[in-house]
Amino acid sequence: MPSNRKITPSTLSIKDLPWQILWDKDRCTLCGQCTAVCPVQAIEPAVFRKRIVNTKLNTEAEITDEHTVYYGIRQKTDPAYGCVGCATCQMVCPNDAIIPIRGDEADKLRFHINRGGQPRRRGGRRNNPESLLDRIKFIRISMLTDPALDAGRHEFELRTLLGRVLPPEENLSFLRENGWIPPVREIYPLMIGGMSFGALSPNMWEGLQLGIAYLNEELNMPVRICTGEGGCPPRLLRSRFLKYVILQIASGYFGWDEIIHALPDMKADPCAIEIKYGQGAKPGDGGLLMWHKVNQLIAAIRGVPQGINLPSPPTHQTQYSIEESVAKMIQSMYMATGFRVPVYPKISATSTAMAVLNNLTRNPYAAGLAIDGEDGGTGAAYNVSMNHMGHPIASNIRDAYLTLVAVGKQNEIPLFAGGGIGKTGNLAANAAALIMLGASGVQIGKYVMQAAAGCVGSESDRCNICNLGLCPKGITSQDPRLYRRLDVDDVAQRVVDLFLSFDTELKKIVAPLGRSTTLPIGMSDAIGIDDHHAADRLQIHYVV
Amino acid sequence: MCRLFAVTSETPISPMVAINALDIMQEGHDGSGVGLFLRDLGGPFEEIKDAPILSGIFTESGLKRLDMYMMELGFMTKYKISIKIPKTAPPGVPKRDIYLVRAYEYPEEWESLSQETLYDRLLDIRLALRRMGEEKEDMIVFSFWPDVIMIKEIGDPMQVAEYLNLDRKELKARVIMAQGRQNTNYAINLYACHPFFLQGFATMTNGENTAFIPIKEYLLSRRFSGYTGYQSDSEVFTHILHYTMKKLELGIEAYKHVITPLNDEDLGHHPDRGFLGHLKNTCRRLIIDGPNCVIGCLTDHSIFMVQDRKKLRPGVVGGRPGMFAFSSEICGLDAAIPDRDKARDFQPMHLDTVVIGPDRREIDLCRQTEKLPLLH
């Protein structure tokens with residue numbers, strides 16, 4: 001750039017970007033695959049001018065000055081094309097000639113990514129790699145006074161209940177008198193949380209469903225998956241596999257026309273219905289499927305026109321109070337499914353969660369409460385919502401459990417925790433910690449995308465372009481050129497792998513605690529943390 | 001590990017039978033304490049079966065406070081055992097003022113009360129006394145119930161028994177439960193000492209209850225005043241028994257289905273799977289996670305033994321018509337009932353509940369996979 005060229009406020013250098021592309025001219029074959037594959041067109045083929053000055057030791061010899069060109073890769077500095085660090089270029093490069101490297105200081109791109117007054121929107125998760133759950137240790141190890149169990153050989157029954165469980169006295173009396181007893185499902189405590197058909201690609205969705213079906217039918221693991229807010233493919237609605245599926249209804253009601261019409265043809269009841277009132281990644285904000293992803297198939301399943309943004313409102317617009325929002329809606333959903341299907345709300349973790357929970361304790365139909373913490377992920381949201389809004393899951397789930405204990409309903413309303421479980425890879429440890437804090441089970445989303453499909457997203461702002469439908473792995477794209485990269489059967493295999501390994505790790509945690517007959521829900525004497533304030537807040541042991 | 005011994009006999013016997021059995025099994029406990037539960041009493045108590053008996057340990061001032069309290073309520077002493085203790089206590093046994101076993105006459109105005117109300121009031125009085133005692137550290141109350149005596153003390157069982165002169169003719173019972181304590185995770189506190197008692201139900205346990213905290217939280221949240229204490233993780237077994245039989249109105253054969261329900265596969269084959277499935281779901285927070293051997297006594301004077309699903313704790317059953325016993329070890333049985341057919345001794349396994357009824361004619365073995373008797 002000439003030194004006198006005009007610059008704009010948003011003129012950035014490569015150094016200002018979060019990711020710098022390192023390209024090795026010697027190894028590059030100029031095949032062009034990296035530039036073709038880059039989801040954000042951060043790199044382009046370029047012609048570089050080069051001058052070679054040949055001087056000799058013999059001062060009388062002529063100095064030659066040669067001007068040449070060579071071809072290579074140039075990184076764009078326009079904020080709209082900033083490299084997202086997905087490293088797909090590196091993955092496709094036959095000679096490993098290219099790799100994105102994170103800058104050594106905070107980028108300047110973040111100040112310019114709101115051009116046109118549009119704040120940054122992205123997919124992914126909160127950009128904070130810390131995890132309180134990772135700091136919780138399991139400290140009550142059975143030693144001699146009671147034998148530790150053999151995780152490999154002992155009999156374990158690590159299931160949980162989803163549904164409104166009546167108090168024993170009431171249940172037994174209803175049983176005698178043929179009264180109505182709410183439906184209760186016995187399920188595996190690790191569930192795949194709501195990720196919609198639309199947010200996920202068809203191949204990803206099918207792979208997850210296939211994996212879940214295999215776990216249930218072949219391995220006798222009652223794992224459940226939630227649809228998220230995007231409806232459910234008609235064939236699945238009319239198949240026996242629906243019983244492994246939790247249908248989600250959210251404020252956009254997308255896909256529910258199709259679901260309601262399928263009710264008479266259903267061969268099996270769905271596992272449950274989740275009413276989504278909030279999401280940990282963007283609490284107090286509605287769902288969002290950006291127009292890039294609303295193709296013919298998605299539009300058909302959701303019952304909307306093609307190619308438009310699909311923002312769900314932050315609340316259910318037809319309802320204005322908790323009584324209406326929760327009580328009536330829960331009851332309506334029960335009625336629609338013949339009172340055979342548990343219906344429960346899902347909310348964002350919030351300091352007001354106890355008000356919701358207290359209301360549910362008085363609602364005899366509420367089948368549970370799912371709470372999604374600030375570390376939850378999403379396909380699309382405003383960056384500010386993801387990074388700054390929300391409540392940590394640990395203290396919210398603990399408060400909720402202790403609230404239930406105070407009113408004696410800890411067995412009646414199961415709590416499900418979500419958001420940041422396994423964010424650093426410690427899935428079983430995080431899940432067990434939450435269970436011992438009081439959760440009946442946990443929901444995971446991002447972990448599945450990472451473990452079952454190779455999502456490259458991270459808590460340090462890598463990739464995160466799920467919202468644009470440009471997912472380089474084909475996980476969150478609706479473009480067949482992208483999602484055909486993902487093999488359905490391979491995803492299913494990985495889903496099975498992850499659940500089997502989780503199961504072994506969970507046993508490796510509970511067996512030394514002497515637990516095998518039931519899931520150790522609320523076994524708070526078994527856990528400790530090295531932070532006094534956190535220990536006080538969670539009412540667990542302080543250990544150093 | 002603790003050592004347990006329970007005996008039921010058609011003729012009243014001395015608690016020394018059980019103490020001897022514990023002494024024989026002394027390699028299995030550290031002599032840090034002993035707990036005794038006597039029921040279906042003989043001797044002078046035979047004539048006053050309905051009179052509630054207060055058992056506990058008092059200081060001189062505590063006894064005065066007790067007398068004032070009971071007099072205000074209108075209770076009159078009907079009969080008492082005076083335990084005169086030697087001047088020097090054996091090593092490890094604390095010096096106490098009074099070991100109290102005192103039968104009362106109900107206040108006159110209580111005569112018209114239903115048994116249910118009466119029993120609730122007895123519980124209230126015991127809990128009130130316990131609170132009073134904890135406040136000034138001058139009373140420890142074990143039970144206040146008709147036809148039941150409880151004695152607990154720190155120290156070696158045999159030495160304590162000799163010290164208290166338990167081998168006396170006025171102290172005889174048809175049902176005796178005894179525990180030799182192994183002091184492990186809790187400081188020595190007599191309220192942490194087995195057997196535990198609540199409204200006619202008593203249990204003692206061998207082993208650690210790893211699910212203690214969630215169970216305790218669940219019982220506390222039942223809002224029943226008797227579900228309190230929990231100085232020991234084993235106290236919940238008594239309270240779950242009470243909950244099963246009094247609150248849920250189920251029989252003893254259901255107790256094991258509450259504390260260690262069948263796994264889903266076995267449950268699927270059970271003739272009562274519908275009922276048991278509901279029981280398992282609704283009582284899920286009462287599932288113990290052993291290893292535990294629970295021995296207990298019911299209001300009809302039956303005694304029972306239950307093993308948890310892991311079956312990692314010892315427990316043997318033996319005897320002859322008229323006298324049966326449960327013991328942690330066979331040598332304990334040998335000491336108490338030498339004239340039995342030893343070939344018929346057996347060790348209940350992970351699905352078994354053993355009950356010996358008040359007629360003491362036979363051992364009733366209830367396997368968890370069997371059909372339940374008709375529900376009442």
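As a reminder, the structure under discussion sits directly above these lines.
What comes next concerns the included structure. (Residues numbered from 1 in each chain as written. Chains lettered and ligands numbered in written order. Predicted model: local features only at pLDDT ≥ 70, side-chain atom pairs only at ≥ 80, totals over all residues.)

**A few points about the overall build of chain B**
And then number 1: Assigned secondary structure in chain B consists of 10 helices and 16 strands.
And then number 2: A compact globule built from 376 residues should have a C-alpha radius of gyration of about 21 Å, and chain B, at 20 Å, falls within 12% of that.
And then number 3: By its C-alpha atoms, chain B is 60 × 45 × 40 Å across when sized along the principal axes.
And then number 4: Relative to all contacts within chain B whose residues are 6 or more apart in sequence, the contacts with residues 24 or more apart total 75%. (Helix = DSSP H or I, 4+ residues; strand = E, 2+ residues; numbered from the N terminus. Rg over C-alpha atoms; globule rule 2.2 N^0.38 Å. Contact = placed C-beta atoms within 7 Å.)

**A word on the interface of chain A and chain B**
And then number 1: Taken together, the contact between chain A and chain B spans 31 residues of the former and 30 residues of the latter.
And then number 2: Residue contributions to the side of chain A that touches chain B peak at five residues, all from helix α4 (residues 168–177) of chain A.
And then number 3: The residue makeup of the side of chain A that touches chain B, split by class, is 13 nonpolar, 12 polar and six charged. (Nonpolar A, V, L, I, M, F, W, Y, C, P; charged D, E, K, R; others polar.)

**Thoughts on the sheet that holds strand β20 (residues 527–529) of chain A**
Residue and element names in this part refer to chain A.
And then number 1: Ordered by their spatial adjacency, three strands build an open sheet running β6-β20-β21, and the pairing between neighbours is mixed. Every interior strand has two partners, whereas the edge strands, β6 (137–138) and β21 (541–542), have only one.
And then number 2: The pairing of β20 with β21 spans two bridges and is classified as parallel. Along β21, the bridge assignment pairs G528 with H541. (Pairing = 2+ DSSP bridges.)

**Notes on the sheet that holds strand β3 (residues 52–58) of chain B**
Residues and elements named next belong to chain B.
And then number 1: Strand order in the open sheet formed by four strands is β4-β5-β3-β6, with antiparallel pairing between adjacent strands. Two strands close off the open sheet at either side, each with one partner strand: β4 (76–82) and β6 (139–146). Within the sheet, the average angular offset between the axes of one strand and its neighbour, ignoring direction, is 20°.
And then number 2: With seven bridges connecting them, β3 and β6 associate as antiparallel partners. (Axes fitted to C-alpha atoms, helices over the stretch in contact; angles between N-to-C directions.)

**A short note on helix α6 (residues 235–247) of chain B**
Residue and element names in this part refer to chain B.
And then number 1: Taking 1.5 Å per residue as the helical rise, α6 with its 13 residues ought to reach 18 Å, and the 17 Å between its terminal C-alpha atoms agrees with that figure.
And then number 2: In terms of burial, α6 is largely enclosed, as 10 of its 13 residues are buried.
And then number 3: All buried positions along α6 are accounted for by E235, V236, F237, T238, H239, I240, L241, H242, Y243 and T244.
And then number 4: A positive backbone phi angle near 55° is found at E249, which sits one or two residues after α6. (Expected span 1.5 Å × (residues − 1). Buried ≥ 20, exposed ≤ 12 C-beta atoms within 10 Å, placed from the backbone.)

**Let's talk about the environment of Y79(B)**
And then number 1: With respect to the helices and strands, the residue Y79(B) is situated in strand β4.
And then number 2: Note: C-alpha distance between Y79(B) and A51(B) (28 residues apart in sequence) is 9.3 Å.

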